[in-house]
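Per-entry structural report
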Amino acid sequence: MAHGLTALGDLSCRATAIDLGSAMVRMYVDGRGLVASQPSAIARELGTGRLLATGTAALALANREHGVRLVQPIRDGVPAEAEETEDLLRHLLRTHHRRRYMAKPRMAITVPSQISQVQLGAVRLAAFGAGARRLTLVPVPIAAAAGAGLPDRGEDVAIVADIGAHVTDVGVVMGGELLTGHTARVGGTTMDKAIAAHVRREYGLIIAPLTAETVKLAVGAAVPPDGDVRTVVHGKDRDTDLPRTAEVSAAGIHDAIAPALDAIVRAVRTAIAGSPPEMAGHFFSSGITLTGGAARLPGLAAVIRDGTGLRARVAENAAEATVRGAATLLRPIRGYESNRLPPLGHRHTLVH
């Protein structure tokens, strides 16, 4: 019996980190690594409200079956629908912890660098309602910096731009502190929507979001093409609803996402501009590190370099950097404990 109690206690304390993204939620369990990377979505049965599926299965079910309501409860990196977010987190915990209904893990959850107390309360309620025993809230830039191994090369300062599907979160991190942070509602999905609208308007073709993303990556749309580069796109004719293809200009794709690229550069510049002037020397040596799923757009680092005058690079495993960093920070540091969380408006630290 004693052995069984020891094993149960060990499992219930297994540290769990979650990156709550508007499009994707990722979960990292101490000792097991990344166990989930799925769409931030749940499917409910109409009428009864019964939870049917989460993630990719929820999207497929909603597209295939009638009588299914699809809910995407995370917006701009915070719960927009608290009950739905709680159910999503609870399903993740029960799926990926062996003691499905008894595990009460210590949890780290990422939050935007600019977040209101009301939004923080929503994250806390969802986490504790889902089964968290102890909660650590980590600002996205700090988690991303830790996941990318920053600061490195003996530097004390890191600039991190986490570019997600819907939100770009930029922070200047020094010695475990977030000196300045800035969030902007722009990301990979913003570009995909712009591409889809462009193709529909110019070519009379309706394309799926995944097709828009594929085209964006294939043509390296962050930088203008060298010459008349074209790519074949498959979709549905706007007028007849029948399948059709079109040869789409890469230059047009670049022009379509240019406003989103400008907004990302402005977000980076705003975060840097909020730092004291004595940090300038550090910035030139540390440069800017890009994380997040949308950071993999070819040429994006060059666009940010040209827009800021600082060198920029994409972190290894950029999409997973934030959740891995949150997991790393949870183990050795009890930062951002939920019962003593400082306001996240200006200067934040993980060390108490």
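Residues numbered from 1 in each chain as written. Predicted model: local features only at pLDDT ≥ 70, side-chain atom pairs only at ≥ 80, totals over all residues. Heavy atoms only, no water.

Details of the overall build of the protein chain
Rules: Each helix corresponds to a stretch of at least 4 residues labelled H or I by DSSP, and each strand to a stretch of at least 2 residues labelled E; elements are numbered beginning at the N terminus. Each residue is assigned to one of three classes by its accessible area relative to the maximum for its type, calculated with a 1.4 Å probe on protein chains only: buried under 20%, partly exposed between the two thresholds, exposed over 50%. Residue contacts are defined here by distance: any two heavy atoms, one from each residue, within 4.5 Å place the two residues in contact. Only the protein chains shown count as covering a residue, and every accessible area follows the Shrake-Rupley method with a 1.4 Å probe.
Scanning the protein chain for helices and strands turns up eleven helices and 19 strands. For the protein chain, buried positions account for 50% of its 352 residues. Sequence separation of at least 24 residues holds for 63% of the intrachain contacts in the protein chain that already meet a minimum separation of 6. Accessible area for the protein chain stands at about 15,900 Å²; split by element, carbon and sulfur atoms hold 52% of it.

Observations concerning the confidence of the model for the protein chain
As a general rule, the predicted coordinates of low-pLDDT regions are not to be interpreted in detail. Where we set the bar: Known as pLDDT, the predictor's confidence for each residue is given on a scale from 0 to 100.
In the predicted model, the protein chain carries a mean pLDDT of 86, and 87% of its residues have values of at least 70. Across residues 332-352, confidence stays below pLDDT 50; counting only partners more than four residues off in sequence or on other chains, it has 56 contacts.

A closer look at the packing of helix H5 (residues 140-147) against helix H11 (residues 321-330)
Threshold: The axes used here are C-alpha line fits, helices contributing only the stretch in contact, and every angle between their N-to-C directions lies in the interval 0 to 180 degrees. Angle categories are assigned with fixed cut-offs, so that under 35 degrees is roughly parallel, over 145 is roughly antiparallel, 65 to 115 is roughly perpendicular, and the rest are oblique. In this classification, the charged set is Asp, Glu, Lys and Arg, the nonpolar set is Ala, Val, Leu, Ile, Met, Phe, Trp, Tyr, Cys and Pro, and all remaining amino acids, among them Gly, are polar.
Between H5 and H11, the shortest axis-to-axis distance is 6 Å and the interhelical angle comes to 90°. Classified by the angle between their axes, H5 and H11 sit roughly perpendicular to one another. Along the contact surface, H5 presents Val 140, Ile 142, Ala 143, Ala 144, Ala 146 and Gly 147, while H11 presents Ala 321, Thr 322, Arg 324, Gly 325, Ala 326 and Leu 329. By residue class, the composition of the contact of H5 with H11 is eight nonpolar, three polar and one charged.

Remarks on the pattern of salt bridges
Selection criterion: Salt bridges are counted wherever a side-chain nitrogen of Lys or Arg sits within 4 Å of a carboxyl oxygen of Asp or Glu.
Tallied over the full model, the rule gives 17 salt bridges. Where Asp 192 meets Lys 216, a salt bridge forms, and the shortest distance between an N and an O atom there is 2.9 Å. Highlighted residues: Asp 192 in helix H6 (residues 188-203) and Lys 216 in helix H7 (residues 209-218), separated in sequence by 24 residues. The class for Asp 192 is buried, based on a relative accessible area of 11%. Put simply, Glu 320 and Arg 324 hold a salt bridge, and the shortest N to O gap is 2.9 Å.

A look at the environment of Glu 84
With respect to the secondary-structure elements, Glu 84 resides in helix H3 (residues 82-96). The contact partners of Glu 84, leaving out residues within four places of it in the chain, are Ile 42, Arg 44, Arg 69, Val 71 and Pro 73.

A word on the sheet that holds strand S9 (residues 106-111)
The condition is simple: When DSSP finds two or more bridges between two strands, those strands count as paired.
Spatially, S3-S2-S1-S9-S10 is the arrangement adopted by the five strands of the open sheet, whose pairing is mixed. Here the strands that pair on one side only, and so sit at the sheet edges, are strand S3 (33-39) and strand S10 (134-139). Neighbour to neighbour, the strand axes of the sheet diverge by 20° on average, direction disregarded. Where strand S1 (residues 16-20) meets S9, three bridges bridge the pair, whose relative direction is parallel. Within S9, the residue paired with Ala 17 across the bridge is Ala 108.

Focus: the sheet that holds strand S6 (residues 68-71)
Taking strand neighbours across the sheet as the criterion, the three strands line up as S5-S4-S6 in an open arrangement whose pairing is antiparallel. The open sheet terminates on both sides in strands that have one partner only, identified here as strand S5 (51-54) and S6. In this sheet, neighbouring strand axes are inclined to one another by 25° on average, regardless of whether the strands run parallel or antiparallel. Where strand S4 (residues 42-45) and S5 come together, three bridges link them in antiparallel fashion. Directly across from Arg 44, in S5, lies its bridge partner Leu 51. The strands that helix H2 (residues 55-64) touches are S4, S5 and S6; relative to S5, the one it contacts most, it runs at about 120°. Sitting on the sheet, H3 is in contact with S4, S5 and S6, with an inclination near 110° to S4.

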